[in-house]
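Here are the chains, one letter per residue:
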Amino acid sequence: METLEEETNSTPAETTEEIWERWFALYAQEELDDNADSWEDMHDALQETIAKPLNINAATCEQLEALPFLNSIQANDIVNYIRRYGAMKSKKELVAITSLDEYRRRLLECFITIGEAKAPTTAFPEKKHHQYTNELTTFVQIPTYTRKGYNDKYYGPKYKHWLKYTFSCDKSIKFGITASQDAGEPFFSRYNNKGYDYYSAYLLIDNLGPVKRLAVGRYKFSSGLGLVVNQGFNLGKMMMTQTFATPSKNVIKQHSSRSEQNYMQGVAASLKISKSLIFNAFISYKHLDATLNDDGSVATITTSGYHRTEKEIEKRNNTAMSTAGAHIAFDLASLHVGVTAVATHYNRPLVPNTSAIYRLIYPQGNDFFNASIDYSVTRRRLTFSGETATNRKGKIATLNSLSYYLTPHLSLTLIHRYFSYLYHSPHSNSFSDGGKTQNESGVFLGLWWETKGGLVVDGYLDIAYFAFPRYKVSASAYSLDTYLSAKKRIDKWTMVAKYRMRRRQKDFTLDNKQKTLAWETTHRTTIGGEWNSGKWYSDFTATATVHCFDTISRGALLSNETGLNTKRFSIAATLKYFSTNDYDSRLYSNERSPLYTFHMPAYYGNGMRYALITKWKPWQGATLTAKAGTTRYFDRDTIGSGAEQIDESSQCDIELQINIKL
């Protein structure tokens, strides 16, 4: 029989990996084209939180808001409930938080534990016994095929492998190191005599006297709504119906992922000047990969992180970026005001090729400066927030949001943005339709509603205007995006249905070879259901898409995942069938993978995918994972092209992982 502590902290099988992976897939597969890196970073961060869940009784609003499915009102409601009624005794008490629907309550249960209510520990607490945690994860991917590039272009072996180590003490001191090698990159050979192609390390210290947080090494810095700097998550439109657009309070975080982009390298500190005033500052120096012009200036900054071929190696770390900035935040009750200033210098000037008209507004030069003011105020169930930024040329970017709970179960969100086509910020990453904080204005209206019967409905309408030409768009243009989803839990079943229509104006060549703008329209519909008995589960999904432009392209994907979870062992089998006319009607589908890995490829053509993953815990603190997955095509004899070509109609990868916690 479970003890009381085990009962309150344990989570049924259906509310851990299956619950949050299903939620993640529900939103990520629609936004992946625009925000792939952000979703992958979030996937890693959520897995880290799962491994070290928050003590709900000691969590701050700031920590709760870091969970991407909670908004500021819900975080405040949780903290205020605990202040008023005392520490929660069970996760079931979350039902008392009226602003949480059932779906988000079940999600939150995955990331929390029920502990004692206590003040945060300092970096060097006086207690006699410290709590140390060590975690080591190793991973290797073994392809059973050989790509064409390994014959004469790629300098390294075809195996992808990485390791990740984390040490923490009392949740106030944290150190981590990551080493990663992409397939095809040399390992202790050629230019690389240090083994792995990518190394990353950080040290994080919390509550060191007046220093709220100190980061050394590689870290992420975010402020406001991301108009000046945001190295955290930018989760797109679908999440705005749930989380609203509020200024970031998680300013400094560790960079613990394998991503070779979107981080600072140096020192950052958060200083608590008073109860209401916090000062954050950072300094960073790092190298970038870039394609250079003949005169040594930068034509484009490359972000793939690959260093497999001679040309890729020539681009490696050939450009340096220096950045310094500060953010000061004033918080008093429901009022927040912040000011950010960031200066960036490249050791080589940015000189893009401006032969195409859309490149005329690309950033140019060595030096960039951005400043902004961010703000938010909450009055009962009304939240107004925003950020207004400028660059050294005086060009403006502004994003403002108004969110209102009409009832505890019905909320509306209105977001307006205006980004000048001459606004540049090297580190911006904010809410947009075009994927950049530049050359866009638009209005977003979102809705979230939970009916009395437990049906959760959310959706949005977004209209955007682009004043200056863009890639494949030679004039000012519009876009229209609509989305609607419904979720319902019935006994052991969770049912989901969603629909999205996206319209964009693009160049279209007439019979007389003249160009005009025409609407490109994509319809996508998904219906799914998951049955879960606690140990056994089965997830069914059917997705269909229609893409209309110069021709009509259709696609469909059927997917099933069935698995068994026990305390020490789990196994899951995946089977997918896909059929699309071409790449325009491609479809994304999430798949269970080893810890800290992310697998949601685009499927197009005609074929099937089948995979098997097993996890075994031989003793407490150790997890061994093995996965084998094959994608087989029925409409081709080769896969890919160029150096990535596989001279077979199928590809199979084997993945092995060891995770040890002490």
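Residues numbered from 1 in each chain as written. Predicted model: local features only at pLDDT ≥ 70, side-chain atom pairs only at ≥ 80, totals over all residues. Heavy atoms only, no water.

Things to note about the side chain of Lys487
Basically, it comes down to this: Strands here are runs of E lasting at least two residues and helices are runs of H or I lasting at least four, both read from the DSSP assignment and numbered beginning at the N terminus. Working definition: with a 1.4 Å probe on protein chains only, accessible area under 20% of the residue-type maximum means buried, over 50% means exposed, and in between means partly exposed. Pairs of N or O atoms are called polar contacts if they sit within 3.5 Å, as long as, within protein, a hydrogen donor faces a hydrogen acceptor (for residues adjacent in sequence, only side-chain-to-side-chain pairs).
The residue Lys487 is located in strand 20 (residues 477–490) in this model. Classification of Lys487 by relative accessible area gives buried; the value is 3%. A distance of 3.1 Å separates polar atoms of two side chains, one belonging to Lys487 and the other to Asp458.

Some words on the environment of Gly226
Operational definition: In what follows, residue pairs with any heavy atoms lying within 4.5 Å of each other are defined as contacts.
For Gly226, the position within the fold is in the loop between strand 7 (211–221) and helix 7 (236–243). When its relative accessible area of 0% is taken as the criterion, Gly226 is described as buried. For Gly226 and Gly555, which are 329 residues apart along the polypeptide, the C-alpha to C-alpha distance reads 35 Å. Setting aside anything within four residues of it in sequence, one finds Gly226 in contact with Glu387, Ser428, Asn429 and Ser430.

Structural notes on helix 4 (residues 72–85)
Selection rule: Take the number of residues in a helix, subtract one, and multiply by 1.5 Å to get its expected span.
In this model, helix 4 (14 residues) spans 20 Å end to end at C-alpha, consistent with the 20 Å of a helix rising 1.5 Å per residue. Turning to helix 4, its buried residues number three or more, namely Ser72, Ile73, Gln74, Ala75, Asp77, Ile78, Val79, Tyr81 and Ile82. Immediately downstream of helix 4, the backbone of Gly86 shows phi near 95°, a positive value.

Topic: the packing of aromatic side chains
Any aromatic ring pair is given by two values, namely how distant the centres are and how the planes are angled relative to each other. Inclusion rule: Two rings belonging to Phe, Tyr or Trp (six-membered ring only in the last case) form a pair when the distance between their centres is within 6.5 Å. Interplanar angles under 30 degrees mark stacking, angles over 60 mark edge-to-face geometry, and anything in between is tilted. A ring has a charge above it when a Lys NZ or an Arg CZ is no more than 6 Å from the ring centre and no more than 35 degrees off the ring normal.
This structure, assessed with the given rule, holds 22 aromatic pairs. With a centroid separation of 5.0 Å and 80° between ring planes, the pair formed by Tyr150 and Tyr154 is classed as edge-to-face. A ring pair is formed by Tyr375 and Phe384, whose centres lie 6.0 Å apart and whose planes are at 20°; its orientation type is stacked. The class of Tyr375 is buried, set by a relative accessible area of 18%. Residue class for Phe384 comes out partly exposed when judged on its relative accessible area of 34%. Linked through ring pairs, Phe187, Phe188, Tyr196 and Tyr199 together constitute an aromatic cluster. A cation over a ring is seen here: Arg190 above Tyr155, with NZ or CZ 4.1 Å from the ring centre.

Comments concerning the pattern of salt bridges
Applicable threshold: A pairing counts as a salt bridge when a side-chain nitrogen of Lys or Arg comes within 4 Å of a carboxyl oxygen of Asp or Glu.
Here the structure, examined in full by the defined rule, presents 21 salt bridges. Between Arg147 and Glu644 there is a salt bridge; the shortest N-O distance is 3.6 Å. Remark: Glu644 occurs in the loop between strand 29 (622–633) and strand 30 (650–661) and Arg147 occurs in the loop between strand 3 (132–143) and helix 6 (149–152); sequence separation between them is 497 residues. Residue Arg147 is classed as buried on the basis of its relative accessible area of 18%. Glu644 sits in the partly exposed class, given a relative accessible area of 30%.

So, the nonpolar core
Keep this limit in mind: To form a nonpolar core, buried Ala, Val, Leu, Ile, Met, Phe, Trp, Tyr and Cys residues must be joined to one another through side-chain atoms within 4.5 Å.
Ranked by size, the top nonpolar core spans 32 residues in total, and within it Ile56, Leu64, Phe69, Leu70, Ile78, Met88 and Leu108 carry the most contacts. The set of elements that each furnish at least two residues to this core consists of helix 2 (17–51), helix 3 (61–65), helix 4 and helix 5 (102–109). Top contributing element to this core by residue count: helix 4, with five residues. Those residues within four positions of Leu108 in sequence are excluded, and the remaining contacts are Leu67, Phe69, Leu70, Ile78, Leu94 and Leu100.

Digging into the side chain of Arg500
Structurally, the position occupied by Arg500 is in strand 21 (residues 493–509). Among the polar contacts listed, one links the side chain of Arg500 to the side chain of Tyr460, at a separation of 3.3 Å. A polar contact of 2.7 Å, which involves the side chain of Arg500, links it to the side chain of Asp481.

So, unusual backbone geometry
A negative phi holds for most residues other than glycine; trans holds for most peptide bonds. Here Asn262, not a glycine, exhibits a phi torsion of approximately 60°, which is positive. Summarising the element assignment, Asn262 is placed in the loop between strand 8 (252–254) and strand 9 (264–272). Relative accessible area serves as the criterion here: at 28%, Asn262 is assigned to the partly exposed category. Even without being glycine, Asp491 reaches a positive phi, approximately 55°. Here Asp491 lies in the loop between strand 20 and strand 21. Looking at Asp491, the relative accessible area reads 66%, which means it is exposed.

Quick notes on the confidence of the model for the protein chain
Our working definition: The pLDDT value expresses, per residue, how confident the predictor is, ranging between 0 and 100.
Here the protein chain shows a mean pLDDT of 89. Residues at 70 or above account for 92%. Low pLDDT (under 50) marks residues 1–15, which in the prediction has 25 contacts with non-local residues, meaning those over four places away or in another chain.

Points about the pairing of strand 4 (residues 160–169)
Applicable threshold: Any two strands with at least two DSSP-identified bridges between them are counted as paired.
Bridge analysis of strand 3 against strand 4 gives 10 bridges, and the strand direction is antiparallel. By the bridge assignment, Thr133 is partnered in strand 4 with Ser168. Where strand 4 meets strand 5 (residues 173–181), nine bridges bridge the pair, whose relative direction is antiparallel. The partner of His161 across the bridge, within strand 5, is Gln181. Taking the residues between adjacent antiparallel strands as the criterion, strand 4 and strand 5 are bridged by three residues, where Asp170 takes a positive phi near 55°.

Observations regarding the environment of Pro53
Topologically, Pro53 is positioned in the loop between helix 2 and strand 1 (54–55). Of the residues examined, Pro53 reaches a relative accessible area of 23% and is grouped as partly exposed. In sequence terms Pro53 and Glu109 are 56 residues apart; their C-alpha atoms lie 9.4 Å from each other. Dropping the residues within four chain positions of it, Pro53 is found in contact with Phe111, Ile112, Thr113 and Lys171.

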